[in-house]
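Breakdown of the fold
The lines below spell out each chain.
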Amino acid sequence: MRKRQDSASVPGMTGQTGLRERKKEATRQALHAALVRLAVEHGLENVTVENVADAAQVSRRTFSNYFANKEEALLYNHQRRMQRLLELVAQRPQGGAAWTALTRAAQEFAVELTEEKGWTSTVRLVNDNPALLHTHFATYTAAEDAVADMLAPRLSQSQQDGLWAQLVAARFLAAVRIATTRWLEQGDEPLSQVMNEALRLSVEPLM
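Residues numbered from 1 in each chain as written. Predicted model: local features only at pLDDT ≥ 70, side-chain atom pairs only at ≥ 80, totals over all residues. Heavy atoms only, no water.

**Observations regarding the overall build of the protein**
A count of helices and strands for the protein gives 10 helices and zero strands. Put simply, the protein has 207 residues, and 36% of those count as buried. Restricting the contact set of the protein to residue pairs at least 6 apart, pairs at least 24 apart contribute 64%. Of the roughly 12500 Å² of accessible surface on the protein, 52% is carried by carbon and sulfur atoms. (Helix = DSSP H or I, 4+ residues; strand = E, 2+ residues; numbered from the N terminus. Buried < 20%, exposed > 50% of the residue type's maximum accessible area, 1.4 Å probe, protein only. Contact = heavy atoms within 4.5 Å. Areas by Shrake-Rupley, 256 points an atom, 1.4 Å probe, with all protein chains shown as cover.)

**Focus: the nonpolar core**
In terms of nonpolar packing, the biggest core is built from 36 residues, with Leu 102, Val 147, Leu 151, Phe 172, Leu 173 and Met 195 touching the most fellow members. Counting only elements with at least two residues in this core, the list comes to α5 (76-90), α6 (98-115), α7 (119-128), α8 (130-151), α9 (163-186) and α10 (191-202). Leave out the neighbours within four places in its chain, and Leu 151 touches Ala 98, Leu 102, Ala 165, Val 168 and Ala 169. (Core = buried A, V, L, I, M, F, W, Y, C linked by side-chain atoms within 4.5 Å.)

**What to know about the environment of Ala 143**
Note that Ala 143 resides in helix α8. Considered as a pair, Ala 143 and Leu 86 are 57 residues apart in the sequence and their alpha carbons are 7.5 Å apart. If near-sequence neighbours (up to four positions away) are discounted, Ala 143 is found in contact with Met 82, Leu 86 and Leu 173.

**Looking at the packing of aromatic side chains**
Under the criterion given, the structure shown has four aromatic pairs. The interplanar angle of 55° and the centroid separation of 5.9 Å between the aromatic rings of Phe 63 and Phe 67 together place this pair among those described as tilted. For the pair shown, Phe 63 and Phe 67 are each scored as buried. Judged by centre distance (5.8 Å) and plane angle (10°), the ring pair of Trp 119 and Trp 183 falls under stacked. (Phe/Tyr/Trp six-rings, centres within 6.5 Å; stacked < 30°, edge-to-face > 60°.)

**Brief notes about α8**
Relative to the 32 Å expected for 22 residues at 1.5 Å per residue, α8 spans 32 Å between its end C-alpha atoms, a close match to the ideal helical length. Looking at α8, one finds that the buried residues are Leu 132, His 136, Thr 139, Tyr 140, Ala 143, Glu 144, Val 147, Ala 148 and Leu 151. (Expected span 1.5 Å × (residues − 1).)

**Notes on unusual backbone geometry**
Phi at Gln 57 takes a positive value of approximately 60°, unusual for a residue other than glycine. Relative to the assigned elements, Gln 57 resides in the loop between α2 (49-55) and α3 (60-66). Relative accessible area serves as the criterion here: at 74%, Gln 57 is assigned to the exposed category.

Structure, rendered in structure tokens:
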């Protein structure tokens, strides 16, 4: 009997799939970049989906295949960056203090953000458009559950009720968000330094 091959074992299948995904990602990035550029120049409210599609040299239908609206396209890289932060948290070695692991992940995240081109324009556009802030904050809120789950293996027996992990996750993500906003507004110190200071203050006694 001939042995059935799955898609992973068919020659060329993995490479073809990878190429398709890279092309899709390139299209998403082209649309996102076109929108950011046009929004900076003309204001987000003055940019249409048709404008974005034309600037990215794709059809209006292609835009709709990737994004539901221009707001979703604008926030695309914000979602990706948040996913990347979660990946960095997940990659921290098990064992040791939870806050130390979160701080190390945030340090790596700050370095990667500083090296990424164009992200500052996106964040400023979001901050300047109140209608987008709800989705912006919702992304952080959704990430709290993921961070709290990743903290579980680091919890002591007395911290197993879930409240502690949720509070730590919320405090961590608030520090990341506030540090990033502060750095964008002032920018007189490296982002990694501002991030570290925000995280340090987050665990200091309030009174």
